[in-house]
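Architecture at a glance
The lines below spell out each chain.
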Number of protein chains: 6
Amino acid sequence: MRLQLCTWPEVEARLARSTGIIVPIGSTEQHGPNGLIGTDAICPEVVAEGAAERIDALVAPTISIGMAQHHLAFPGTISLRPATLIAVVRDVVQSLARHGFREIYFLNGHGGNVATVQAAFAQYHSEASFTGVDGPAPRLKIANWFAGRRVAALSQELYGEAEGSHATPSEISLTWHAYPDRARPMQMEPRLAPKGAYGDAFDYRRRFPDGRIGSDPSLSSVEAGTRLYEASVEDTIEDYGAFVAGN
Amino acid sequence: MRLQLCTWPEVEARLARSTGIIVPIGSTEQHGPNGLIGTDAICPEVVAEGAAERIDALVAPTISIGMAQHHLAFPGTISLRPATLIAVVRDVVQSLARHGFREIYFLNGHGGNVATVQAAFAQYHSEASFTGVDGPAPRLKIANWFAGRRVAALSQELYGEAEGSHATPSEISLTWHAYPDRARPMQMEPRLAPKGAYGDAFDYRRRFPDGRIGSDPSLSSVEAGTRLYEASVEDTIEDYGAFVAGN
Amino acid sequence: MRLQLCTWPEVEARLARSTGIIVPIGSTEQHGPNGLIGTDAICPEVVAEGAAERIDALVAPTISIGMAQHHLAFPGTISLRPATLIAVVRDVVQSLARHGFREIYFLNGHGGNVATVQAAFAQYHSEASFTGVDGPAPRLKIANWFAGRRVAALSQELYGEAEGSHATPSEISLTWHAYPDRARPMQMEPRLAPKGAYGDAFDYRRRFPDGRIGSDPSLSSVEAGTRLYEASVEDTIEDYGAFVAGN
Amino acid sequence: MRLQLCTWPEVEARLARSTGIIVPIGSTEQHGPNGLIGTDAICPEVVAEGAAERIDALVAPTISIGMAQHHLAFPGTISLRPATLIAVVRDVVQSLARHGFREIYFLNGHGGNVATVQAAFAQYHSEASFTGVDGPAPRLKIANWFAGRRVAALSQELYGEAEGSHATPSEISLTWHAYPDRARPMQMEPRLAPKGAYGDAFDYRRRFPDGRIGSDPSLSSVEAGTRLYEASVEDTIEDYGAFVAGN
Amino acid sequence: MRLQLCTWPEVEARLARSTGIIVPIGSTEQHGPNGLIGTDAICPEVVAEGAAERIDALVAPTISIGMAQHHLAFPGTISLRPATLIAVVRDVVQSLARHGFREIYFLNGHGGNVATVQAAFAQYHSEASFTGVDGPAPRLKIANWFAGRRVAALSQELYGEAEGSHATPSEISLTWHAYPDRARPMQMEPRLAPKGAYGDAFDYRRRFPDGRIGSDPSLSSVEAGTRLYEASVEDTIEDYGAFVAGN
Amino acid sequence: MRLQLCTWPEVEARLARSTGIIVPIGSTEQHGPNGLIGTDAICPEVVAEGAAERIDALVAPTISIGMAQHHLAFPGTISLRPATLIAVVRDVVQSLARHGFREIYFLNGHGGNVATVQAAFAQYHSEASFTGVDGPAPRLKIANWFAGRRVAALSQELYGEAEGSHATPSEISLTWHAYPDRARPMQMEPRLAPKGAYGDAFDYRRRFPDGRIGSDPSLSSVEAGTRLYEASVEDTIEDYGAFVAGN
């Protein structure tokens, strides 16, 4: 169930039986010549909704704008600065913790969010740690939908080296599963995009002129997306279940 | 068209013909006994999508968590602090401005956002104003979907005094138009909720025990929601069009 | 009585009988060809002092620098960024609340302050709302001296359309009442200044070349100022009294 | 001339002949059993006005709330946090620099402001220093009215050891010169207040129960205040003149 | 060569031939019953000095206090909040970039720093990315001394499972190599510490009562430390060389 | 004993008998043609270690990067902004206070740090002062090694006017005592550097082209450094002892 579709008495009732919640977090950033700008938000959102439906979990509104400073040289990218995202995550966690949520699970679609979200968790925990005032703090986790064991194996099986690390055929396929009418089959030139490290948005665009890193998203398909969706829903049910159980 | 469903070359092409964009902004907060927690995000989102479809406008991802500190004593509310929301709006505007967007129109669903978003606009403009470095700055506007002339007239006609100011039958009806299966007809006790000013979340809950202010949302209906949706789409087309035209 | 002219034992004694205080807040910004730069601070200051004298209220030092980023292209304007003003208001409120003040009434002279001060109130209240620690929080209000019912009626009667919205004959008249030797009768060209929205300081100056918005301050007079002073003192006594009484 | 009593064209004209400005800065804090809470703002304000009148200098609005955290256990004290005051000073300096002011002289009435204001100057200068972008930066100085050579000699002559360091007979005399009807002759018990270092507001009040440090303000008088006023005006004319001249 | 032991003309001369620099970064935090509180700063410092000596590289002062909020329930731990460390890293990078350093290599000794330092890099790069002003930005990297290929292999060979992840015998051995008189052989009870995730400092201490995670530091020795030192110096020479060469 | 060379149980044991700690704080900045960039950190570090050895005191890791924005036009300088250093000092103090340290003594080597560190102390104390929550707060002091009575007398005796105020022969001699192989005897031209005030880094370098202010560091010697070391160790033992004793 999406939190935004509940009334507050329904949330209150739910909290009496479970204190866990899934928070999809993504990004709004270029995904190469044929990937959707919302890819990184769409993927964890549809997976979270799919998992939640099967296990009756609660899903918060998707944080759809993340830390994507390096993509800002491509039109359409919207980013938060790391300091801003840290404040957002802290406020979200503190809001949820106030109501009694104790297991807050961020299902993430953007590798570039991970460091900042972890820093945000530490910033949140710093309050108790520095003041020395103990309390019923929530447990926090960030998990990448694309790194679950079923998904990782399937991506490797489907695409091997062509998976790359940005604008991957796996994530693009999953968005096409969600929005089949947005599928844009297209040849890539070169087939595999370049790889490597990067700094700011200028540096990124110089190194990766069409936005991809290492990938060949011409291999994307709705069919693959459906398989990846199923794999990721299963991964998430397993991992979230273990997290809520305290493992 | 939703920005998140475009590729970056599509956004680039679009910018060549229009530099306007609509950014729905709402809140995730209690809306009384039978209102959805996502009401304030759902309303501007569906209206923006409806308007954009008819005039081929671009709609950014919805900023679904706003400034709702006063609702935090009700389970399910997620808020940003004003300082956090100011940073979010600044980063979003700066991202869009970098790509060449020049008319950025926030379609808002939550009265409690207005002051903070206006402060954010001023914070954004302060950079040029204090440093004395001029540049092609975007024009910024925040408009409330519920304050358009057609909507205001219709709300008055439908509900009069029972509209109130939080958890109103108009906004709840609009969410039921969008999610009819979430309609929750329900009697209210007292019929009209109390009115008045408030401070923090404790103060709010003491004054408004079930979350409503001044309203009787038992009057909500899908049918009214559909009429309000049409009115608001028309209002938005008119107001956004004037804004982009520089009026 | 001005707080700054009391000793601390006098404040302590006063708090035993009343926990209300008026905080004048204004701006230091251009006010057109013949308006004083301090207009927005002078007006609420003299009104607050006048009202306080009649009802034995306490008046804090005037916050004379406000949020005026859009006026920075005119010499003499001094502004705080919104984030700075939010911090100032929070610190002032927290200082007063610590001593036991419970009704803190900001009498404001600058429309451009309102959104930021309201964001500051929410920022102050956020502390209790997010941490969930209740306490005796002060009630906070911002009221514009120029929007009281007697003043609004009198401005309309005196100037009608020529009142405009910046460098108005009403506010300039009131400053001339306070500083008659600073009265600068002067013809305006054009008589009525242009109207409209604005962004940063460059945009403002392009749209409003002499600083006025919509007004004809050539109509200002000491006599009108004295009448406006009386009206505003009465408005303030009424509104502050109702606020302290909890209405 | 006070800036707040000028029009913007007057400021523009003035800048053509002088780029200096005096900014009085003080505090709103307890000053012992018979000292006014506004002492530290009143003193530099009246001295700055006196000096400016004689040499036709420009005086900005007084920053009347400073860094007084250690006085917050006494009713009536209003403080800014150091981080807030740093932001205020930065914004004020940046506003003035934008108009072409090049010699900005803070005339200070509160020892507790000095470190924070100096940190603020460094924060302001950091922008150019870190980015490596040179420009016509203003020169900045903070001077204490009570530390000028004439004033220091006169205080020593008048009060010697009884001057102390907070709620001194010199500063209280000067406020009585300015507001003779607020003079409150009073015996002190003990005659000389204790001395020493302090930390937060609790610590301060434990060490200095009536608020004074080391002083005997029963020696204050309007007559002494008038002599101190004259001495300080002369000191300020001399020191500000040298500052503007680049010495 | 340590930067702090150079004169500025020596740095200027050095920059003419190399624009690389190594910045050791660590932490000041508990390291179990017999590990030094400075372990995480000592390790990268001695390795950086060893590597720099052999290849004539420049080494900045060690940032010896890092992000260690989770260790604050153990006496002696000193931590920065993530937001503070982000500001520190940004200021250090900006200082170095201003002088022309173009390859800035953080040699890190504390896993808990990694996310925050990466967020800091993104915060630094955000300036160019958001404003759209390109420039000669430095390349930035954070590398963990304990994750180099030679070190990782040697740790595995020496300790296998007993290496654990905090207060590891490898890092403790390396500090004993640097400070042999501080070696504190000691039995551990239980031999292997527990493993798992953690939140704030209270949670950490409840889960890991003596401070270790997963390790058996009774296996530490000066001899192992010397071997690890050699391995890490070689790893660092290789990795830093590749980084400076642009690989 | 250096804190970084202790284990946490050793710190715990130490706290049972003494709650004092010395925190050396310096800067990484140019020190003229022959002064080491680390001068201001090296000096308080070696003095603190020397004093601590004789009286069995605890010494925290040196904060070796301080507030040196005005030196950034000379290669090798690394600075923190004032706001950053304030955050660092607050976090360090809060970390130490949490463990029960009650007398925290910053031994400083850089005059430019003083204002910012004092502002940081006030920022730390503001928490209790504004919230009105009392607690066992630590006492805080910053002392300059070069201002102790023995050192000041010896510097005057050795160098008189040639001591100057930056890149002084006293501080350079002390670094040569610590690192004799880094002694760089050198003639200065002019012999005495210019004096005066300064603003940002550009202004500083224009006024002081080789980095010195007022000094003739050609007079530096290892022998003088040894005498200054002894004097400073004695000064520090005396002053720290008095501080811990509450005087």
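Anything mentioned here points back to the structure above.
This text gives an overview of the structure that appears in the document.

Analysis parameters
- Residues numbered from 1 in each chain as written.
- Chains lettered and ligands numbered in written order.
- Predicted model: local features only at pLDDT ≥ 70, side-chain atom pairs only at ≥ 80, totals over all residues.
- Heavy atoms only, no water.
- Least-squares fit on C-alpha atoms with pLDDT ≥ 70 in both.
- Contact = heavy atoms within 4.5 Å.
- Pairing = 2+ DSSP bridges.
- Helix = DSSP H or I, 4+ residues; strand = E, 2+ residues; numbered from the N terminus.
- Axes fitted to C-alpha atoms, helices over the stretch in contact; angles between N-to-C directions.
- Parallel < 35°, antiparallel > 145°, perpendicular 65-115°, else oblique.
- Nonpolar A, V, L, I, M, F, W, Y, C, P; charged D, E, K, R; others polar.
- Right-handed = clockwise from strand over helix to strand, strands pointing away.
- Buried < 20%, exposed > 50% of the residue type's maximum accessible area, 1.4 Å probe, protein only.
- Arc of directions from axis to C-beta.
- Phe/Tyr/Trp six-rings, centres within 6.5 Å; stacked < 30°, edge-to-face > 60°.
- Left-handed = near helix turned anticlockwise from the far one by under 90°.

After a rotation of 180° and a shift along the axis of 0.0 Å, chain C superposes on chain D with an RMSD of 0.0 Å. Within this description, the copies of the chain are treated as partners about a two-fold rotation axis. Considering only C-alpha atoms, the residue of chain C closest to the rotation axis is Thr84 of chain C, which sits at 3.4 Å. Mapped onto chain D, 98% of the interface residues of chain C are again interface residues, and the two copies thus contact each other with one and the same surface.

Before going further, it helps to spend a moment on the sheet that holds strand β1 (residues 20-25) of chain C. All names here are of chain C. Pairing in this open sheet of three strands is parallel, and the strands run β1-β2-β3 from one edge to the other. What marks the edges here is a single partner per strand, and that holds for β1 and β3 (139-144). Each strand of the sheet is rotated relative to its neighbour by a mean of 20°, with strand direction disregarded. Seen against the sheet, helix α4 (residues 114-131) touches β1, β2 (103-108) and β3 and runs at an angle of roughly 180° to β3.

Take the packing of helix α5 (residues 149-159) of chain B against helix α8 (residues 222-244) of chain B next. All names here are of chain B. Where α5 meets α8, the axes come as close as 7 Å, and the angle between the chain directions of the two elements is 155°. Taken together, α5 and α8 sit at an angle that is classed as roughly antiparallel. From α5, Arg149, Arg150, Val151, Leu154, Ser155, Glu157, Leu158 and Tyr159 reach across to α8, where they touch Ala224, Arg227, Leu228, Ala231, Ser232, Glu234, Asp235 and Glu238. Each residue belonging to the contact of α5 with α8 can be placed in one class, and the counts come to seven nonpolar, two polar and seven charged.

With that settled, the discussion passes to the pairing of strand β3 (residues 139-144) of chain D. Strand residues, when the strand is regular, have side chains that alternate between the two faces of the sheet. Residue and element names in this part refer to chain D. Alignment of strand β2 (residues 103-108) against β3, held across six bridges, turns out to be parallel. Within β3, the residue paired with Ile104 across the bridge is Leu140. Between β2 and its parallel partner β3, the chain crosses via helix α4 (residues 114-131), and the hand of that crossover is right-handed.

To continue, consider helix α5 (residues 149-159) of chain D. Residue and element names in this part refer to chain D. Residues of α5 that are buried: Val151, Leu154, Ser155 and Tyr159. Looking straight down α5, one finds its buried side chains confined to an arc of 105°; they lie on one side. For α5, the exposed residues lying more than 90 degrees away from the buried face are Arg149, Gln156 and Glu157.

Under the criterion given, the structure shown has 54 aromatic pairs over all chains. For the ring pair Tyr198 of chain A and Phe208 of chain A, a centre distance of 6.2 Å and an interplane angle of 85° mean the geometry is edge-to-face. Note that Tyr198 of chain A is positioned in the loop between α6 (169-178) and α7 (201-207) and Phe208 of chain A in the loop between α7 and α8 (222-244), a separation of ten residues in sequence. Relative accessible area serves as the criterion here: at 36%, Tyr198 of chain A is assigned to the partly exposed category. An angle of 50° between the planes, with centres 5.4 Å apart, marks the rings of Phe106 of chain F and Phe121 of chain F as tilted. Note that Phe106 of chain F is positioned in strand β2 (residues 103-108) and Phe121 of chain F in helix α4 (residues 114-131), a separation of 15 residues in sequence.

Our focus in this paragraph is unusual backbone geometry. For the bond from Glu189 of chain A to Pro190 of chain A, the omega torsion is 0°, close enough to zero to count as cis. As for its placement among the helices and strands, Pro190 of chain A is situated in the loop between α6 and α7. Within the chain, Ala167 of chain A stands out as a residue other than glycine whose phi angle is a positive 60°. Position of Ala167 of chain A relative to the elements: it lies in the loop between α5 (149-159) and α6. Residue Asp56 of chain D is not a glycine yet carries a positive backbone phi of 55°.

Once that is clear, we can look at the packing of helix α2 (residues 39-55) of chain A against α8 of chain A. All names here are of chain A. Put simply, α2 and α8 touch, their axes get as near as 9 Å, and they point 60° apart. It follows that α2 is oblique to α8 by the angle criterion. Here α2 runs over α8; the crossing is right-handed. Residues Val46, Val47, Gly50, Ala51, Arg54 and Ile55 of α2 form the contact with α8, whose participating residues are Tyr229, Glu230, Ser232, Val233, Glu234, Thr236, Ile237 and Tyr240. A class-by-class count of the residues in the contact of α2 with α8 yields eight nonpolar, three polar and three charged.

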